[in-house]
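Spelled out from the first residue to the last, the chains are:
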Amino acid sequence: MKNITVFCGSSFGSEEIYKDQAELLGKTLAKQNIGLVYGGANVGLMGAVADGALSENGTVIGVLPNFLRSKEIAHLGLTELILVESMHERKMKMNDLCDGVIALPGGFGTLEELFEMLTWSQLGLHKKPIAILNINGFYDSLLELLQTMSEKGLLKEANQKMLLVSDDIDDLLNQMKNYTPPTVGKWIDKKNT
């Protein structure tokens with residue numbers, strides 16, 4: 001993998017471990033010569049993952065909508081900062097630049113980005129590994145919901161398994177490097193509905 005996109009919060013959250021793990025992820029990517037693609041901000045977990053990678057001389061590409069740049073949150077120390085016009089264009093560019101995705105703790109934006117990438121994969125628009133670094137059980141409730149969706153027949157088990165999960169950075173990166181996308185598509189016929 002040449003580049004990994006990281007989706008995460010623009011705040012630090014309530015637990016110091018989120019910031020520590022974001023920084024460690026950035027450092028680990030740089031040490032493994034994997035470029036970081038992220039939202040381009042210098043705040044919260046976004047800033048922490050970028051600073052971690054930069055501290056190890058990693059390549060860091062930020063993708064930031066112009067309207068957020070005007071709020072003075074752009075990280076000025078990046079390898080490259082790409083300015084786009086909309087949030088949708090931001091996600092498209094981040095997808096174009098990466099070979100896989102990791103979600104750290106975050107809010108609505110992080111979930112929206114994660115689920116759009118999962119949906120695109122489910123629809124066959126890409127075959128990239130998508131992962132959650134489940135820091136301190138942050139995503140446990142979400143993973144339980146996905147299990148319920150599968151048990152209730154609203155999410156195929158093969159598609160549920162597209163989401164790679166670990167609380168350990170090295171394990172997660174290993175899963176991503178060895179990822180094989182499912183061969184099952186989204187579409188089902190009428191008799192299976």
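We now turn to the structure provided with this report. Quantities reported herein were computed from a predicted structural model and do not represent experimental measurements. (Residues numbered from 1 in each chain as written. Predicted model: local features only at pLDDT ≥ 70, side-chain atom pairs only at ≥ 80, totals over all residues. Heavy atoms only, no water.)

1. Remarks on the overall build of the chain
- Per the secondary structure count, the chain includes eight helices and seven strands.
- Taken over C-alpha atoms, the radius of gyration comes to 16 Å for the chain, in line with the 16 Å a tight globule of 193 residues would show.
- When each of the 193 residues of the chain is scored for burial, the buried share is 47%.
- Taking as baseline every contact in the chain between residues at least 6 positions apart, the subset at least 24 positions apart corresponds to 71%.
- Of the roughly 10000 Å² that the chain leaves accessible, carbon and sulfur atoms contribute 50%.
- Considering the chain, the positive charge centre built from 18 side chains and the negative charge centre built from 24 side chains are found 8 Å apart. (Helix = DSSP H or I, 4+ residues; strand = E, 2+ residues; numbered from the N terminus. Rg over C-alpha atoms; globule rule 2.2 N^0.38 Å. Buried < 20%, exposed > 50% of the residue type's maximum accessible area, 1.4 Å probe, protein only. Contact = heavy atoms within 4.5 Å. Areas by Shrake-Rupley, 256 points an atom, 1.4 Å probe, with all protein chains shown as cover. Lys, Arg positive; Asp, Glu negative; His and termini not counted. Charge placed at Lys NZ, Arg CZ, Asp CG, Glu CD.)

2. Some points on the pairing of strand 1 (residues 3-7)
- For strand 1, the tally of buried residues reaches five of five residues, placing the bulk of the element in the interior.
- On strand 1, burial covers both faces: Asn3, Thr5 and Phe7 on one face and Ile4 and Val6 on the other are all buried.
- Alignment of strand 1 against strand 2 (residues 35-38), held across three bridges, turns out to be parallel. Residue Ile4 lies in a different strand from strand 2, and its bridge partner there is Leu36.
- In this sheet, strand 5 (residues 101-103) lies alongside strand 1 in parallel orientation, the contact comprising three bridges. If you follow Thr5 over to strand 5, its bridge partner there is Val101. (Pairing = 2+ DSSP bridges.)

3. A look at helix 4 (residues 87-97)
- Along helix 4, the residues classified as buried are Arg90, Lys91, Met94 and Asn95. Taken end-on, helix 4 shows its buried residues confined to a sector of 130°, consistent with a single buried face. (Arc of directions from axis to C-beta.)

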